[in-house]
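# Structural description and commentary
Here is what each chain is made of, one letter per residue.
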Amino acid sequence: MVDQPLRKRRFTVAELSGADPYKLATGLIVPRPIGWIGSISADGTPNLAPYSFFNAVSGAPPTFVFSPGRGGRKDTLANVREVGEFTINIVTAEVAEAMNATAASLPADVDEFDAAGLTAVPSVSVRPPMVGECKANIECVVTQIIDIAHPKAGNALVIGEALEFHVAEDILDGTRVDQAALRAVGRHVGNLYSHATDLFEIIRPD
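Presented here is an overview of the structure given in this document. Owing to the predicted nature of the structure, the values given are computational and were not obtained by experimental measurement.

About the criteria used
- Residues numbered from 1 in each chain as written.
- Predicted model: local features only at pLDDT ≥ 70, side-chain atom pairs only at ≥ 80, totals over all residues.
- Heavy atoms only, no water.
- Core = buried A, V, L, I, M, F, W, Y, C linked by side-chain atoms within 4.5 Å.
- Buried < 20%, exposed > 50% of the residue type's maximum accessible area, 1.4 Å probe, protein only.
- Helix = DSSP H or I, 4+ residues; strand = E, 2+ residues; numbered from the N terminus.
- Contact = heavy atoms within 4.5 Å.
- 1 Å grid on protein atoms, 1.4 Å probe; cavity = no way out; pocket = protein on both sides within 12 Å on 5 of 7 lines; lining within 4 Å.
- Points joined across faces, edges and corners; volume = space filled by probe spheres on them.
- Nonpolar A, V, L, I, M, F, W, Y, C, P; charged D, E, K, R; others polar.

All right, on to the nonpolar core then. Counting residues in each nonpolar core, the largest one holds 16 residues, and the members touching the most others are Phe64, Phe66, Val80, Phe86, Ile88 and Val158. Of all the secondary-structure elements, those providing two or more residues to this core are strand E3 (46-51), strand E5 (62-66), helix H2 (75-83), strand E6 (85-90), strand E9 (136-148) and strand E10 (155-167). Not counting chain neighbours up to four residues away, the residues in contact with Phe86 comprise Ile37, Gly38, Phe66, Val80, Val126, Pro128, Ile138, Glu139, Cys140, Val142, Val158 and Gly160.

Have a look at this one:
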């Protein structure tokens, strides 16, 4: 219980302009996991790009979503529409700088794996490659793509089902992932990120 009511400023979304709604959304929903998405064009050009509108949404079967923008040229979105497959490459402290490098807007015929000095490892069940330097990778097949929000400047919600998991043995206890050893990185607002290593435990109620 707070001793006094918190003073809050009200924002009506319809009255906000420019990037203000985006700033509020990305400043409050934090930290966001990063989906480092590997894709491939129909003609075979690999692509790699990070998305912080990303999450796991089901465990049976394991299902993930990421949400690329539909405004301007979006190679990842075009690739998953054409090919229907992608990889998720888990962003940890060791690859954070390389992840950031792949956020640059490059021509469609440029291989971001090569441009960022990363190893493109062939997947087992899908065509897009995986980032060899990552501690974990997930191969996914697209099950649905939903256009959401503004018809021209909104996003697409890409839903994918996992076919294969690849996880470094030294962070595993059976199928349980050691969170401290994983050293995952989360996305905040602007240029801010955080390390998911300040862990605490709360026992769930019966």
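Attention shifts here to the layout of surface pockets. By volume, the largest pocket amounts to about 1,100 Å³. Looking at the lining of the largest pocket, the elements that each hand over two or more residues are helix H1 (20-28), E3, H2 and helix H3 (96-101). Here the element with the most residues in the lining of the largest pocket is E3; it accounts for five residues. For the lining of the largest pocket, a count of residues per class yields 17 nonpolar, 13 polar and six charged. For the second largest pocket, the lining is made up of 30 residues, of which Pro33, Ile90, Gln179, Leu182 and Ala184 are closest to its centre. Contributing elements (two or more residues each) for the lining of the second largest pocket: strand E1 (32-33), strand E4 (54-59), E9, E10, helix H5 (179-182), strand E13 (185-187) and strand E14 (193-195). Partitioning the lining of the second largest pocket into residue classes produces 20 nonpolar, nine polar and one charged.

All of the buried residues in H2 are Asp75, Thr76, Leu77, Asn79, Val80 and Val83. Tucked inside the fold, the buried residues of H2 contact strand E2 (35-40), E3, E5, E6, E9 and E10. The first or second residue beyond H2 is Gly84, which carries a positive phi of 80°.

In this section: the environment of Cys140. Note on placement: Cys140 falls in strand E9. A relative accessible area of 0% means that Cys140 is categorised as buried. For the pair Cys140 and Lys23, spaced 117 residues apart in the sequence, the C-alpha separation amounts to 30 Å. Apart from the residues lying within four places of it in its own chain, the contact partners of Cys140 are Phe64, Glu85, Phe86, Ile88, Val126, Gly160, Glu161, Ala162 and Leu163.

The subject of this paragraph is the side chain of Asn79. Assignment of secondary structure puts Asn79 in helix H2. With near-sequence residues (within four places) excluded, Asn79 lies in contact with Ser39, Ile40, Ser41, Thr45, Asn47 and Gly84.

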